[in-house]
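Remarks on the overall topology
Next come the chains, spelled out residue by residue.
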Amino acid sequence: AQTVTQSQPEMSVQEAETVTLSCTYDTSESDYYLFWYKQPPSRQMILVIRQEAYKQQNATENRFSVNFQKAAKSFSLKISDSQLGDAAMYFCAYTSGTYKYIFGTGTRLKVLA
Amino acid sequence: GAVVSQHPSWVICKSGTSVKIECRSLDFQATTMFWYRQFPKQSLMLMATSNEGSKATYEQGVEKDKFLINHASLTLSTLTVTSAHPEDSSFYICSAYLTSDLYEQYFGPGTRLTVT
């Protein structure tokens, strides 16, 4: 069965600094998709970035980028120039052909002014 | 982008009563929707997959007779919590996806259920 692990329950970063959130997963599938979602205090899930497993190039969205290591089954999120508005819960998610998501346990990110 | 709404955003009900939560895809048709439950400071737990025109598929450990799901149209799925008890108090989130959009799910804003 597929699993997603986020080993950092909480992280802190100074405003304007860079932080990396870790995510590892386990699957026997060769084709799948990985996502990072942000859940602010409003609890609305917001897509941050996504990665298709067949693409070797790491996805980037403005200040957000991933380090996708398929062989190591690792999918970390790097947030550059952290802003106060980045403070939230971050969930790593995996899906393959069934469309069902498997979520990690989440990492709470605190941004310090 | 695709928008998913939920109604109500917050509901309080008495123990033993039933409550219905609606999930709508506003600008697209969704043959499949998902219902999640989230306890405070925890991750989202998939409860069931809602399929338009057919029975929902429930995850292991989820009581199908307690959490009734009806997907009557391509834009509406409902979750009814029957004979609610305080332990059913939680945050319920629905989602839907576009098959053309690389498996991305679009999430509703969630419904906070409090059972007194």
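Reference entry: report on the structure contained in this document. Given the structure is predicted, the values throughout are model-derived calculations rather than measurements.

Conventions we followed
- Residues numbered from 1 in each chain as written.
- Chains lettered and ligands numbered in written order.
- Predicted model: local features only at pLDDT ≥ 70, side-chain atom pairs only at ≥ 80, totals over all residues.
- Heavy atoms only, no water.
- Helix = DSSP H or I, 4+ residues; strand = E, 2+ residues; numbered from the N terminus.
- Rg over C-alpha atoms; globule rule 2.2 N^0.38 Å.
- Buried < 20%, exposed > 50% of the residue type's maximum accessible area, 1.4 Å probe, protein only.
- Core = buried A, V, L, I, M, F, W, Y, C linked by side-chain atoms within 4.5 Å.
- Contact = heavy atoms within 4.5 Å.
- Salt bridge = Lys/Arg side-chain N within 4 Å of Asp/Glu carboxyl O.
- Disulfide = S-S within 2.5 Å.

1. Some remarks on the overall build of chain A
Scanning chain A from terminus to terminus reveals 0 helices and 12 strands. For chain A, the α and β elements follow one another from N to C terminus as β-β-β-β-β-β-β-β-β-β-β-β. Expected size for 113 residues packed as a compact globule is a radius of gyration near 13 Å; at 13 Å, chain A falls within 12% of this value. Taken along the three principal axes of its C-alpha coordinates, chain A extends 40 × 25 × 20 Å. The buried share among the 113 residues of chain A stands at 49%.

2. Observations concerning the nonpolar core
In terms of nonpolar packing, the biggest core is built from 27 residues, with Phe67(B) and Leu113(B) touching the most fellow members. For this core, the elements supplying multiple residues, two or more each, are β2 (10-13), β3 (19-25), β4 (32-38), β5 (44-51), β7 (67-73), β8 (76-81), β9 (90-97) and β11 (111-115) of chain B. Ignoring anything within four residues of it in the chain, the contact list for Phe67(B) reads Arg37(B), Met47(B), Tyr58(B), Val62(B), Leu79(B), Thr80(B), Val81(B), Asp88(B) and Tyr92(B). Leu21(A), Trp36(A), Phe64(A) and Val111(A) belong to the second largest nonpolar core, which has 25 residues in total.

3. Re the pattern of salt bridges
Residue and element names in this part refer to chain B. According to the stated counting rule, one finds 8 salt bridges over all chains in the structure shown. In this structure, the salt-bridge partner of aspartate 88 is lysine 66, at a minimum N-O distance of 2.8 Å. Of the two residues, aspartate 88 sits in the loop between β8 and β9 while lysine 66 sits in the loop between β6 (57-58) and β7, which places them 22 residues apart along the sequence. For the pair aspartate 88 and lysine 66, a shared accessibility class is recorded, and that class is buried.

4. Structural notes on the state of the cysteines
Tallying each qualifying case throughout the model produces 2 disulfides over all chains. Each sulfur in the disulfide pair Cys23(A) and Cys92(A) lies 2.0 Å from the other. On the sign convention where negative is left-handed, the bridge of Cys23(A) and Cys92(A), at about -70 degrees about the S-S bond, is left-handed. One end of the pair, Cys23(A), is in the loop between β3 (19-21) and β4 (24-26); the other, Cys92(A), is in strand β10 (residues 88-95), and 69 residues separate them in sequence. On the basis of relative accessibility, which here comes to 2%, the residue Cys23(A) falls in the buried class. In this model, Cys23(B) is linked to Cys94(B) through a disulfide, with the two sulfur atoms separated by 2.0 Å. When the S-S torsion is 80 degrees, as for the bridge of Cys23(B) with Cys94(B), the disulfide is right-handed. Note that Cys23(B) is positioned in strand β3 and Cys94(B) in strand β9, a separation of 71 residues in sequence. Cys94(B) matches Cys23(B) in its accessibility class, with the two residues each being buried. The closest cysteine sulfur to the non-disulfide-bonded Cys13(B) is located on Cys94(B), 18 Å from its own sulfur.

5. Brief notes about the environment of Met47(B)
On the secondary structure map, Met47(B) appears in strand β5. Residue class for Met47(B) comes out buried when judged on its relative accessible area of 2%.

6. Quick look at unusual backbone geometry
Omega for the peptide link from His7(B) to Pro8(B) comes to 0 degrees, which places this bond in the cis form. By the secondary structure assignment, Pro8(B) is in the loop between β1 (4-7) and β2. You will see that Arg43(A), though not glycine, has its phi angle at about 75 degrees, which is positive. The residue Arg43(A) is located in the loop between β5 (33-39) and β6 (46-52) in this model. Looking at Arg43(A), the relative accessible area reads 14%, which means it is buried. One non-glycine residue, Asp81(A), adopts positive backbone phi at about 50 degrees. Assessed through its relative accessible area of 38%, Asp81(A) is described here as partly exposed.

Purely spatial values, then, with no claim about function.
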